[in-house]
Amino acid sequence: VQLQASGGGLVEVGGSLRLSCAASGSIFNINVMGWYRRAPGKQRELVATTTIAGSTNYADSVKGRFTLSLDKHKNTVYLQMNSLKPVDTAVYYCNVKGISYAYDYWGQGTLVTVSS
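The structure reproduced in this document is the subject of the present report. Fair warning: this is a prediction, and the values are worked out from it, not measured in the lab.

## Things to note about the pattern of salt bridges
Taken as a whole and assessed by the stated rule, the structure comprises 5 salt bridges. A salt bridge links Arg37 to Asp88; the shortest N-O distance between them is 3.0 Å. Of this pair, Arg37 sits in strand E4 (residues 30-38) while Asp88 sits in the loop between strand E8 (76-81) and strand E9 (90-98), placing them 51 residues apart in sequence. Its salt-bridge partner being Asp104, residue Lys97 comes within 3.7 Å of it at the nearest N-O pair. By relative accessible area, Lys97 is classed as buried at 12%. Given the relative accessible area of 38%, Asp104 is considered partly exposed. In this structure, a network of salt bridges that share partners links the residues Arg37, Glu45, Arg65 and Asp88.

## Quick notes on the packing of aromatic side chains
Per the stated rule, a full pass over the model turns up 2 aromatic pairs. Aromatic pair Tyr36 and Trp106: ring centres 5.0 Å apart, planes at 65 degrees, arrangement edge-to-face. On the criterion of sequence distance, the pair formed by Tyr36 in strand E4 and Trp106 in strand E10 (residues 104-106) is long-range, its members being 70 residues apart. With relative accessibility at 32%, the residue Trp106 sits in the partly exposed group. Taking the centre distance of 5.0 Å and the plane angle of 20 degrees together, the rings of Tyr103 and Tyr105 count as stacked. Among the residues examined, Tyr103 registers a relative accessible area of 13% and is labelled buried. Of note, Arg18 hangs over the ring of Tyr78, and the distance from its end group to the ring centre comes to 4.1 Å. Directly above the aromatic system of Trp106 lies the positively charged group of Arg44, at a separation of 3.7 Å from the ring centroid.

## Considerations on the state of the cysteines
Applying the stated criterion across every chain yields a total of 1 disulfide. Disulfide partner of Cys21: Cys94, at an S-S distance of 1.9 Å. Handedness of the Cys21-Cys94 disulfide follows from its S-S torsion of about -80 degrees: it is left-handed. Here Cys94 lies in strand E9 and Cys21 lies in strand E3 (residues 17-24), a separation of 73 residues in the sequence.

Calculation notes
- Residues numbered from 1 in each chain as written.
- Predicted model: local features only at pLDDT ≥ 70, side-chain atom pairs only at ≥ 80, totals over all residues.
- Heavy atoms only, no water.
- Salt bridge = Lys/Arg side-chain N within 4 Å of Asp/Glu carboxyl O.
- Helix = DSSP H or I, 4+ residues; strand = E, 2+ residues; numbered from the N terminus.
- Buried < 20%, exposed > 50% of the residue type's maximum accessible area, 1.4 Å probe, protein only.
- Phe/Tyr/Trp six-rings, centres within 6.5 Å; stacked < 30°, edge-to-face > 60°.
- Lys NZ or Arg CZ within 6 Å of the ring centre and 35° of its normal.
- Disulfide = S-S within 2.5 Å.

Function cannot be inferred from these measures alone, as they are strictly geometric.
Here you go:
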């Protein structure tokens, strides 16, 4: 199984980026897909996740600015990030979990840098 993440980069304050993460390989019974991030000197934290059924969860710090969407047919999850702030600077990691936590896969991480 591979999680291919893309879309990170450098953006100015107030700008936008779109991250994508595609799960490929022998992956079945996906339950949750989403994004986490680790800012410099901090622990990894949840950004946004969605179940395959469509129940979405956002960190309070990104509500109203970030939007998570899922293409079930492509096993791909997208994170649209708007109104970016310097505090959003982090390495963003894609994650996929199977039903009953049968598996828990992480992508390689993509760096998002928001300059002020």
